[in-house]
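# A closer look at the structure
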Amino acid sequence: MNSVRHHYAQFLAPACPWIPGDFENACQSNVKLPADLVLSPSQSALAVDLGCVAGCQSLPLAERGIRVAAIDLCQELLDELTRRAGNMMHVVAQGPSAA
């Protein structure tokens with residue numbers, strides 16, 4: 001049996017960013033998220049996006065000035081998030097090895 005990481009990388013990760021449709025539309029649908037949750041930038045605040053995929057929720061938070069730790073098992077998706085985020089993302093991390 002393959003590992004969780006292998007299954008995710010082979011089957012889920014390639015499709016995950018596109019499940020909600022166009023990436024930009026998916027991000028746009030999350031623009032109100034920080035306001036809806038009454039989140040505002042803070043020197044000590046950190047939002048953690050577990051299973052961030054390509055950042056449809058991480059990016060709107062970072063655009064609002066909130067520090068984000070974006071965590072995912074798939075380096076390819078994290079690379080895409082890093083490319084989209086530019087210097088805006090404070091933290092992008094790959095999750096630990098999973099069996």
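In what follows, the structure referred to is the one given above.
My aim in this report is to walk through the structure given alongside it, one point at a time. (Residues numbered from 1 in each chain as written. Predicted model: local features only at pLDDT ≥ 70, side-chain atom pairs only at ≥ 80, totals over all residues. Heavy atoms only, no water.)

With 20 residues, the main nonpolar core has Phe23, Leu59, Val68, Ala70, Leu81 and Met89 as its most contacted residues. Where this core is concerned, the elements lending two or more residues are helix H2 (23-29), helix H4 (58-63), strand S2 (68-72) and helix H5 (75-85). It is H5 that provides the largest number of residues to this core, a total of four residues. (Core = buried A, V, L, I, M, F, W, Y, C linked by side-chain atoms within 4.5 Å. Buried < 20%, exposed > 50% of the residue type's maximum accessible area, 1.4 Å probe, protein only. Helix = DSSP H or I, 4+ residues; strand = E, 2+ residues; numbered from the N terminus.)

So, about the side chain of Asp49. Turning to its location among the elements, Asp49 is positioned in strand S1 (residues 47-50). As a buried residue without a salt bridge, Asp49 has its nearest oppositely charged side chain in Arg84, at a separation of 12 Å. Looking at Asp49, its side chain comes within polar contact range of the side chain of Ser58, at 2.6 Å. (Lys, Arg positive; Asp, Glu negative; His and termini not counted. Salt bridge = Lys/Arg side-chain N within 4 Å of Asp/Glu carboxyl O. Polar contact = N/O pair within 3.5 Å; in protein donor to acceptor, adjacent residues only side chain to side chain.)

This part takes up H5. Residues of H5 that are buried: Leu77, Leu78, Glu80, Leu81 and Ala85. Around the axis of H5, the buried residues are gathered within 155° of arc, so they sit on the same side. Residues of H5 that are exposed and point over 90 degrees away from its buried face: Glu76 and Arg83. Where H5 terminates, the next one or two residues include Gly86, which has phi positive at roughly 60°. (Arc of directions from axis to C-beta.)

What follows deals with unusual backbone geometry. The backbone of Val53 shows a phi angle near 55°, a positive value even though the residue is not glycine. Secondary-structure assignment places Val53 in the loop between S1 and H4.

Moving on: the pattern of salt bridges. Tallying each qualifying case throughout the model produces one salt bridge. Of the charged contacts, one joins Arg84 and Glu80 as a salt bridge, the two residues approaching to 3.1 Å between their closest N and O atoms. Highlighted residues: Arg84 and Glu80, both in helix H5, separated by four residues, approximately one helical turn. Given the relative accessible area of 25%, Arg84 is considered partly exposed.

Inspection of the secondary structure puts Asp72 in strand S2. Along the primary structure Asp72 and Val53 are separated by 19 residues, whereas in three dimensions their C-alpha atoms are 6.2 Å apart. Of note is the side chain of Asp72, whose polar atom sits 3.4 Å from the backbone nitrogen of Cys52. A polar side-chain atom of Asp72 sits 3.0 Å from the main-chain amide nitrogen of Cys74.

Side chains of Leu46, Val48 and Leu50 sit close together on the surface and give an oily, nonpolar patch of about 300 Å² of accessible area. Structurally, Val48 is set in strand S1. The class for Val48 is partly exposed, based on a relative accessible area of 49%. (Patch = residues over 30% accessible without salt bridge, like charges linked within 9 Å, V, L, I, M, F, W, Y side chains within 5 Å. Areas by Shrake-Rupley, 256 points an atom, 1.4 Å probe, with all protein chains shown as cover.)

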